[in-house]
Amino acid sequence: MSNAVSTSKSSRRFVSWLGAVVLGVAAVVWGAGAATPVAVAFEPLTEPGRVFDSREAGETVDGRQQGDGRRGAGSVSEVVVAGRADVPGDAVAVVVNVTAVNPLSGGFLTVFGCGPGEPPTASTLNFQAGSNIANGATVAVGDGGAICVFSSAETHLIVDVTGFEPVSSAFGVLTEPGRVFDSREAGETVDGRQQGDG
């Protein structure tokens, strides 16, 4: 199971993982700001805004992108976020909660800013058949003011926006995810460091 977290870099340039007992850990970096301290102007919404709900009785904040049925295996759903649910039209990133509802088989979702090219090769959310499971992510707003959600298996999909980064923010996005820690014996990181330590 994967999970997302937003964290600041400490003075020793480590990301700390606290209070976890795990058998294997893989950490993937999705975005980074400048190398010096800067103001990241995250703006939380007063309440979450539902912007996508594929269920037949699903409802969104504005009646758009609702009730369109299950997302097919291998599909990419474009979710317009800019200018909806109190997200400004020029927001550079959004914080979302994505939920897989009653998948037909095990699989994963990958959330990313819409644009040319293939989806990133890291999952945002892993699920099992018949489960209802959610995860949070901070995602760059892509082409058409949208974020995209790739689904490896057929499932209903819900997307709620909980906040955004305005155009004045120092938020930055990597061109692709970079794995910086993988404890598995055959694990590999972008630079060969912190890998395979068990």
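Scroll up to find the structure this text is about.
Residues numbered from 1 in each chain as written. Predicted model: local features only at pLDDT ≥ 70, side-chain atom pairs only at ≥ 80, totals over all residues. Heavy atoms only, no water.

A. Quick peek at the overall build of the chain. The number of helices and strands found in the chain is zero helices and ten strands. Taken from the N to the C terminus, the helices and strands of the chain come in the order β-β-β-β-β-β-β-β-β-β. Scored against the burial criterion, the 198 residues of the chain give a buried share of 36%. A fraction of 73% describes how many contacts in the chain between residues 6 or more apart in sequence connect residues 24 or more apart. Just so you have it, the chain exposes about 11,200 Å², and 50% of that area is on carbon and sulfur atoms. (Helix = DSSP H or I, 4+ residues; strand = E, 2+ residues; numbered from the N terminus. Buried < 20%, exposed > 50% of the residue type's maximum accessible area, 1.4 Å probe, protein only. Contact = heavy atoms within 4.5 Å. Areas by Shrake-Rupley, 256 points an atom, 1.4 Å probe, with all protein chains shown as cover.)

B. Just the sheet that holds strand S2 (residues 43–53), in detail. Ordered by their spatial adjacency, four strands build an open sheet running S2-S9-S4-S7, and the pairing between neighbours is antiparallel. Because the sheet does not close on itself, it has two edges, and the strands there are S2 and strand S7 (132–140). Strand-to-strand twist across the sheet, computed as the mean angle between neighbouring axes with direction ignored, equals 20°. (Pairing = 2+ DSSP bridges. Axes fitted to C-alpha atoms, helices over the stretch in contact; angles between N-to-C directions.)

C. Highlighting the side chain of Ser54. Relative to the assigned elements, Ser54 resides in the loop between S2 and strand S3 (75–80). Setting aside residues up to four positions removed in sequence, Ser54 forms contacts with Gly67, Asp68, Gly69, Arg70, Arg71, His156 and Leu157.

D. Quick peek at the nonpolar core. Grouped together as the largest cluster of nonpolar side chains are 27 residues, with contacts concentrated most on Val79, Val81, Val94, Val96, Ile147, Val159 and Val161. Among the secondary structure elements, those contributing two or more residues to this core are S2, strand S4 (93–101), strand S5 (107–113), strand S6 (125–127), S7, strand S8 (146–151) and strand S9 (156–165). Among the nonpolar cores identified, the runner-up in size contains five residues, and Cys114, Ala146, Cys148 and Phe150 belong to it. (Core = buried A, V, L, I, M, F, W, Y, C linked by side-chain atoms within 4.5 Å.)

E. Spatial organisation of the environment of Val79. Tracing the sequence through the fold places Val79 in strand S3. Taking the C-alpha atoms as reference points, Val79 and Phe52, 27 residues apart in sequence, are found 6.6 Å from one another.

F. Main features of the state of the cysteines. Within this structure, the stated rule accounts for one disulfide. A disulfide bridge connects Cys114 with Cys148, and the sulfur atoms are separated by 2.0 Å. Measuring handedness by torsion sign, the sulfur bridge of Cys114 and Cys148 sits at about 110° and is right-handed. Here the residue Cys114 occupies a position in the loop between S5 and S6, and Cys148 occupies one in strand S8, the gap between them amounting to 34 residues. (Disulfide = S-S within 2.5 Å.)

G. View of the sheet that holds S6. Strand order in the open sheet formed by four strands is S3-S8-S5-S6, with antiparallel pairing between adjacent strands. This sheet does not close on itself; its edge strands, each paired only once, are S3 and S6. For this sheet the average axis-to-axis angle between neighbouring strands, irrespective of direction, equals 20°.

H. The arrangement of the packing of aromatic side chains in detail. Using the criterion set out here, one finds one aromatic pair in the structure. Where Phe108 meets Phe150, the ring centres are 5.8 Å apart and the plane angle is 45°; that geometry is what we call tilted. Taken as a pair, Phe108 in strand S5 and Phe150 in strand S8 lie far apart in primary sequence, 42 residues in all. In this structure Phe108 comes out as partly exposed when scored by relative accessible area, which is 30%. The exposure class of Phe150 is buried, given its relative accessible area of 19%. (Phe/Tyr/Trp six-rings, centres within 6.5 Å; stacked < 30°, edge-to-face > 60°.)

So far we have only geometry, and geometry alone does not tell us how the molecule works.
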